[in-house]
Amino acid sequence: MRRTQSIIFRLTASFALLFGILIGFGLFGLLRLDDFNKESSAIRDRWLKSTRYLGDLNNYTSDFRAMEANFLLSAQTGVLVDQSKETRELDQAIERSQHNYESVIHDPVGLKLYSEFQQVWRNYRTEAERVFNEGSTKNNAHAIAIYLNSSSRTFAAASDLLEKLNDQNNSHAQQASNRATVAIQEAWNYISAAVALSAFTVLVILLYVTRTVAVPLKKLANCMHLLAQGDMDVDVSGADRPNELGEMARAVTIF
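These remarks concern the structure in this document. What you see is a predicted model, and the numbers here were worked out from it, not measured in a lab. (Residues numbered from 1 in each chain as written. Predicted model: local features only at pLDDT ≥ 70, side-chain atom pairs only at ≥ 80, totals over all residues. Heavy atoms only, no water.)

**Digging into the overall build of the protein**
Next up, step 1: For the protein, the helix and strand inventory stands at six helices and zero strands.
Next up, step 2: The buried share of the protein, reckoned over its 255 residues, is 34%.
Next up, step 3: If you take every contact in the protein between residues at least 6 apart in sequence, the share linking residues at least 24 apart comes to 77%. (Helix = DSSP H or I, 4+ residues; strand = E, 2+ residues; numbered from the N terminus. Buried < 20%, exposed > 50% of the residue type's maximum accessible area, 1.4 Å probe, protein only. Contact = heavy atoms within 4.5 Å.)

**Comments concerning helix α3 (residues 108–136)**
Next up, step 1: Over its 29 residues, α3 extends 42 Å from the first C-alpha to the last, a length consistent with the 42 Å expected when each residue adds 1.5 Å.
Next up, step 2: Looking at the residues trailing α3, positive phi occurs at Lys138, about 65°. (Expected span 1.5 Å × (residues − 1).)

**A closer look at helix α2 (residues 84–102)**
Next up, step 1: When the terminal C-alpha atoms of α2 are compared, their 27 Å separation across 19 residues agrees well with the 27 Å that a helix rising 1.5 Å per residue should span.
Next up, step 2: Listed as buried for α2 are Thr87, Leu90, Ala93, Ile94, Ser97, Gln98 and Tyr101. The buried residues of α2 occupy an angular sector of 140° when the element is viewed end-on, so they sit on one face. When the buried face of α2 is taken as reference, the exposed residues oriented beyond 90 degrees from it are Lys85, Glu95 and His99. (Arc of directions from axis to C-beta.)

**Some words on the packing of α2 against α3**
Next up, step 1: Orientation of α2 relative to α3, taken along the N-to-C sense of each, is 175°, at an axis distance of 13 Å. Considering the angle they form, α2 stands roughly antiparallel to α3. Within the contact between the two elements, α2 uses Thr87, Asp91, Ile94, Gln98, Tyr101 and Glu102 and α3 uses Tyr114, Phe117, Gln118, Trp121, Arg125, Glu129 and Phe132.
Next up, step 2: The residue inventory of the contact of α2 with α3, partitioned by class, reads six nonpolar, three polar and four charged. (Axes fitted to C-alpha atoms, helices over the stretch in contact; angles between N-to-C directions. Parallel < 35°, antiparallel > 145°, perpendicular 65-115°, else oblique. Nonpolar A, V, L, I, M, F, W, Y, C, P; charged D, E, K, R; others polar.)

**A look at empty space enclosed by the protein**
Next up, step 1: One pass over the structure, following the stated rule, counts two cavities of 30 Å³ or more.
Next up, step 2: In this structure, the second largest cavity spans a volume of roughly 50 Å³.
Next up, step 3: Taken together, Arg46, Trp47, Tyr101, His106, Asp107, Gly110, Leu165, Gln168, Asn169 and His172 make up the full set of residues lining the second largest cavity.
Next up, step 4: Those elements that provide at least two residues to the lining of the second largest cavity are α1 (7–77) and α5 (150–228).
Next up, step 5: Per element, the largest residue contribution to the lining of the second largest cavity is four residues, and it comes from α5.
Next up, step 6: Classifying every residue of the lining of the second largest cavity by side-chain character gives three nonpolar, five polar and two charged. (1 Å grid on protein atoms, 1.4 Å probe; cavity = no way out; pocket = protein on both sides within 12 Å on 5 of 7 lines; lining within 4 Å. Points joined across faces, edges and corners; volume = space filled by probe spheres on them.)

**Description of the nonpolar core**
Side chains that are nonpolar tend, in soluble globular proteins, to be buried together.
Next up, step 1: Counting residues in each nonpolar core, the largest one holds 29 residues, and the members touching the most others are Leu57, Phe64, Phe117, Trp121 and Leu165.
Next up, step 2: Those elements giving two or more residues to this core turn out to be α1, α2, α3, α4 (140–148) and α5.
Next up, step 3: The biggest single contributor to this core is α3, with nine residues.
Next up, step 4: When sequence neighbours within four positions are dropped, the list of residues in contact with Leu57 reads Ile94, Ser97, Gln98, Tyr114, Phe117 and Leu162. (Core = buried A, V, L, I, M, F, W, Y, C linked by side-chain atoms within 4.5 Å.)

**Observations concerning a nonpolar patch on the surface**
Next up, step 1: Among the surface-exposed residues, Leu30, Leu33, Ile184, Ile191 and Val195 lie close enough to one another that they form a single nonpolar patch of about 410 Å² accessible area.
Next up, step 2: Elements that contribute at least two residues to the nonpolar patch include exactly α1 and α5.
Next up, step 3: Top element by residues in the nonpolar patch is α5. It accounts for three residues.
Next up, step 4: Topologically, Leu30 is positioned in helix α1.
Next up, step 5: Its relative accessible area of 56% is what places Leu30 among the exposed residues. (Patch = residues over 30% accessible without salt bridge, like charges linked within 9 Å, V, L, I, M, F, W, Y side chains within 5 Å. Areas by Shrake-Rupley, 256 points an atom, 1.4 Å probe, with all protein chains shown as cover. Salt bridge = Lys/Arg side-chain N within 4 Å of Asp/Glu carboxyl O.)

**Description of the environment of Tyr60**
Next up, step 1: Inspection of the secondary structure assignment puts Tyr60 in helix α1.
Next up, step 2: A sequence separation of 30 residues divides Tyr60 from Leu90, and the C-alpha atoms of the two residues are 6.5 Å apart.

**With respect to the side chain of Asn169**
Next up, step 1: Checked against the element boundaries, Asn169 lands in helix α5.
Next up, step 2: Within the structure, the side chain of Asn169 is placed 2.5 Å from the side chain of Thr51, a separation counted as a polar contact.
Next up, step 3: Excluding its chain neighbours within four sequence positions, the residues that come into contact with Asn169 are Trp47, Ser50, Thr51 and Leu54. (Polar contact = N/O pair within 3.5 Å; in protein donor to acceptor, adjacent residues only side chain to side chain.)

Structure follows, in structure tokens:
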């Protein structure tokens, strides 16, 4: 009897295949779940935070521009307000938002855009200071001219850069979300395949055991009962099988 024809060998190989399917597909599924977890973490800890900090920057810089306009309006009415406290508070809020944004990991393109924004914002603050200084000396016409020209241009440039940063951040977040969706779908596919193939393998093993082991053993047991009762004309089937059951059948036939 060749080893590959042995029932024990075939059952062992079948169960090894079953465990291989479970371990192999399960491992691939776990790896894809790990990818899903990484993408979800990136969305939570990187892209959502960046979006929030950029939103804060956009709000505070817009407030600064509004404060600049209010200062000019108060100068025109002759009731000049002291904007130094509000300026200081907004500068501190913008600085905090910048620090928060810088604490998040960014790609080279994002860092380049952010560096440009910082430079343009410094230019705008210089122009805004000119507006405050001219307005404080009641040179309203010159202050308004600065506000409508150089101050307006630099603020618009800073806002455009913030918008580009926000668009890029949203694009990265969407890509991460798409990758997470693909990863969880592939993990589900691997796990489903493992369950389906395992169920099929178990069914094949059960059919094999039933047809190759259980049924022949039952027939052989019946033959042995008849032989025990003295019936020597029993036809012992399965003696030609090249496995353990065939050996048992041949032994019974010789007996």
